[in-house]
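# Structural overview for review
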Amino acid sequence: MSDLQLSVLIIDENRIRASIIEDGLREAGHTRVQTIYDVSEVARTITSAPPDVIVIDLENPKRDTLEHFFSLSRAVRKPIAMFVDRSDTRSIEQAVEAGVSAYVVDGLKKERVKPILDMAVSRFNAFSRLTRELEEARSALEERKIVDRAKSILMQSRGLGEPEAYALLRTTAMNQNRRLVDIAQSLITAADLLSP
Amino acid sequence: MSLVSITAGFLPLFDSVLLVVAKEMGFAEGEGLSLALTRETSWANIRDRAALGHFDVALMLAPMPIAASLGLTPLATPMITPVMAGLGNNAITVSSELWGLMVAAGAPDDLAPKATGESLKAVVKASSRRLRFAVVHQTSSHNYELRYWLSACGIAPDRDVEIVVLPPPLLPEALKSGGIDGYCVGEPWNSVGVETASGHIATAKALIWQNSPDKVIGMRADWADRNPAVVHGLVRAIYRAGEWAGKPTNRSAVAEIMSRSGYLDQPADLVERALAGRLATGHGSVTVPDFYVPHASAANFPWQSHALWYYSQMVRWGELPSSSAHADIARACFRPDIYRAALQSLGVDTPAIDMKLDGAHAEPYPVPAAGRDPHGSKRLLRWRGLRSGSDRCLYRAPGAV
């Protein structure tokens, strides 16, 4: 093993996120990075190339399996410490908030591992941000469709123009202290109920 | 009065019922607590988030606070429990292939642990490969009771079979795909294994060791020290939740609450069967007395003798060396003193002793009771005051606590 290069194993069922983390580590100059998608492959991987740092997402239900495997494994020497340094609670907090869990072979210096974890944390955060933005864009589109449908109901049934229909929805929402899309949805539901 | 917020983590298991009922039926609110429940995906997450303070309290495997206090697990942090989440609830389920072999070797259909284990031993001896069993976590009641049962039946856990770890919801699928031959888990995952993976329930925890501990409401020791009033309120809320959930007339209401998608997300009748101890085994129906005990028999009392039993099993299976310092740490993780202090205002009986002998009673028996002392200065001892459940067990290891 090279003195400079730590070997990193990424375990993530989400293939896109896994590749985002792997790319980040490679861009930062880490060449010894492996990725697996299922904890059950870990036995083979660890035996053929023992990692120094293991990064796994917190939502992975097989963390218990992984920890038990460590306790039996001779390839990954016991004890396995979680995160770099227990006294560094801020780092641990940041990692957990981002959804990252990491295992580090005991005895490694904090300075050597911290950049790897920081990279994993920032990539996890970037991935959640992307997912959230996508979700927001999707729901904004959904909401627009609902408002458009409510507008056209008003335009047809009350003979209003588009701006007037929109203004009526908005005023009603403001008066009732509710969201525009909720008023629109109620209108659609009511119209569906009343339609022959 | 504004409510104090408490965040609690849990896994989708039937014995999260006391936390859930404490919230849903208003027992927590009655104690001035607003209980926010978060469903987690692994015991490791429960442990880490409790250690980091994301959760104030959590449904934990009973050995978890002990393992954390003894430094056996990552992020080791001193943890305690002042109240148990009931007794029992586990069973051992095997694949239909293994069950077929066990029946041929004489397995009975009534879940009797000794005869069932002997048939398994015959299968293990004759098998050309090592059978693989799964438990939910290394430091779990499931791991220790599976090993206890196997050993009592003449099967050496680490030599004759393989024991792996998988989270509860993944067990039925693993059984079906042939990845494992059997597992020990809490309900509803045995019944789910019978219904969806052609599994057979071979025996139950309550038959291996009746009225035995399994889960606790665990918390960081320093958090409990800093928030005594909140901890007392929580103990009372859990006690009342147990009292309510233990009434047979409330069974269908409990089943309805637990079956909701945010909790177990399983059919209500399956949940109700666990409450009644009526198991569909895959080859018949067996009613197991005391299958899950939410409240009766002092089920919520944290016996320090139970903490020491877990410690003895950690030593037995080589997880840590035996020492009187370790034993003291393990024992102090279970806090009967907090339980008694919390319940004093309710005027109910609580055990006056911290330790008891298990495995010696075929019938419920009285333990000395403390409580109902209006002045709080001197505890009353009443030898007939409180019944502890019968605790028949399959086998008691020489020298075990």
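Parameters and conventions
- Residues numbered from 1 in each chain as written.
- Chains lettered and ligands numbered in written order.
- Predicted model: local features only at pLDDT ≥ 70, side-chain atom pairs only at ≥ 80, totals over all residues.
- Heavy atoms only, no water.
- Axes fitted to C-alpha atoms, helices over the stretch in contact; angles between N-to-C directions.
- Helix = DSSP H or I, 4+ residues; strand = E, 2+ residues; numbered from the N terminus.
- Parallel < 35°, antiparallel > 145°, perpendicular 65-115°, else oblique.
- Left-handed = near helix turned anticlockwise from the far one by under 90°.
- Contact = heavy atoms within 4.5 Å.
- Nonpolar A, V, L, I, M, F, W, Y, C, P; charged D, E, K, R; others polar.
- Buried area = accessible area lost by both parts, 1.4 Å probe.
- Salt bridge = Lys/Arg side-chain N within 4 Å of Asp/Glu carboxyl O.
- Polar contact = N/O pair within 3.5 Å; in protein donor to acceptor, adjacent residues only side chain to side chain.
- Buried < 20%, exposed > 50% of the residue type's maximum accessible area, 1.4 Å probe, protein only.
- Arc of directions from axis to C-beta.
- Domains from an automatic or database assignment.
- Pairing = 2+ DSSP bridges.
- pLDDT = per-residue confidence, 0-100.

Turning our attention to the packing of helix α7 (residues 141-152) of chain B against helix α16 (residues 304-316) of chain B. Residue and element names in this part refer to chain B. Taken N-terminus to C-terminus, the directions of α7 and α16 make an angle of 65 degrees; their axes are 11 Å apart at the nearest point. The angle between the axes of α7 and α16 places the two elements in the roughly perpendicular class. Considering the relative orientation of α7 and α16, their crossing is left-handed. Residues Ser141, Tyr144, Tyr148 and Ser151 of α7 form the contact with α16, whose own contacting residues are Trp309, Tyr310, Gln313, Met314 and Arg316. Grouping the amino acids of the contact of α7 with α16 by side-chain chemistry returns five nonpolar, three polar and one charged.

Moving on: the interface of chain A and chain B. Contact with chain A, which involves 18 residues of that partner, is made by 23 residues of chain B. Summing both sides of the interface, chain A and chain B together bury roughly 1,800 Å²; the carbon and sulfur share of this comes to 54%. Here chain A and chain B share two salt bridges between them. The partner of A:Glu67 in a salt bridge is B:Arg47, with the nearest N and O atoms 2.7 Å apart. Inspection of the chain A/chain B interface yields nine residue pairs in polar contact (both at pLDDT 80 or more). Elements with a minimum of two residues in the side of chain A that touches chain B: α3 (63-72) and α4 (89-98) of chain A. At six residues, α3(A) tops the list of elements feeding residues into the side of chain A that touches chain B.

On to helix α5 (residues 96-104) of chain B, then. All names here are of chain B. Those residues of α5 lying buried are Leu98, Trp99 and Met102. Taken end-on, α5 shows its buried residues confined to a sector of 100 degrees, consistent with a single buried face. Seen from the open side of α5, the exposed residues pointing more than 90 degrees away from its buried face are Glu97 and Ala104. Contact partners of the buried residues in α5: β6 (90-94), α6 (113-126), β7 (131-135) and β10 (200-204). After α5 finishes, the residue glycine 106 shows a positive phi value of roughly 100 degrees.

Residues and elements named next belong to chain B. Summarising burial for helix α10 (residues 189-197): seven of the nine residues are buried, a large majority. Buried residues of α10: Trp189, Asn190, Ser191, Val192, Gly193, Val194 and Ala197, and no others. At its buried positions, α10 is contacted by β6, α9 (171-176), β9 (182-186), β10, α15 (268-276) and β12 (278-280). Serine 198 sits one or two residues past α10 and shows a positive phi near 50 degrees.

Accessible area lost upon the coming together of the parts is a frequently used measure of interface size. Residue and element names in this part refer to chain B. Under the domain assignment used here, chain B contains domain 1 (4-88 + 213-280 + 290-336) and domain 2 (90-208). Look at where the C-alpha atoms of domain 1 and domain 2 centre, and you get two points 24 Å apart. Considering only the side of domain 1, the residues that lose the most area to domain 2 are Leu270, Phe291 and Trp317, jointly responsible for 21% of the buried surface there. At the boundary of domain 1 with domain 2, the tally comes to two salt bridges. Here glutamate 195 ties to arginine 273 by a salt bridge, and the two come within 3.3 Å at their closest N and O atoms. Taken together, the links from domain 1 to domain 2 amount to nine residue pairs in polar contact (both at pLDDT 80 or more). Sorting the residues of the side of domain 1 that touches domain 2 by element identifies α3 (43-52), α4 (63-69), α15, β12 and α16 as the ones contributing at least two each. For the side of domain 1 that touches domain 2, the element with the most residues is α16, which contributes five residues.

Residues and elements named next belong to chain B. The mixed open sheet is built from five strands, whose spatial order is β2-β1-β3-β11-β4. The two strands at the open ends of the sheet, each matched to only one other strand, are β2 (33-39) and β4 (79-84). On average, each strand axis in the sheet is inclined to that of its neighbour by 35 degrees, with strand direction left out of account. Sheet topology note: the β4/strand β11 (residues 215-220) ladder contains four bridges and is antiparallel. Counted as the bridge partner of methionine 79 is arginine 220 from β11. Helix α1 (residues 17-24) contacts β1 (4-10), β2, β3 (57-61), β4 and β11 of the sheet and is inclined by roughly 135 degrees relative to β2.

The share of residues in chain A with pLDDT of 70 or more is 86%, and the mean pLDDT across the chain is 82. Mean pLDDT in chain A bottoms out at strand β4 (residues 80-82) of chain A, which sits at 51, and peaks at helix α6 (residues 162-176) of chain A, which reaches 93.

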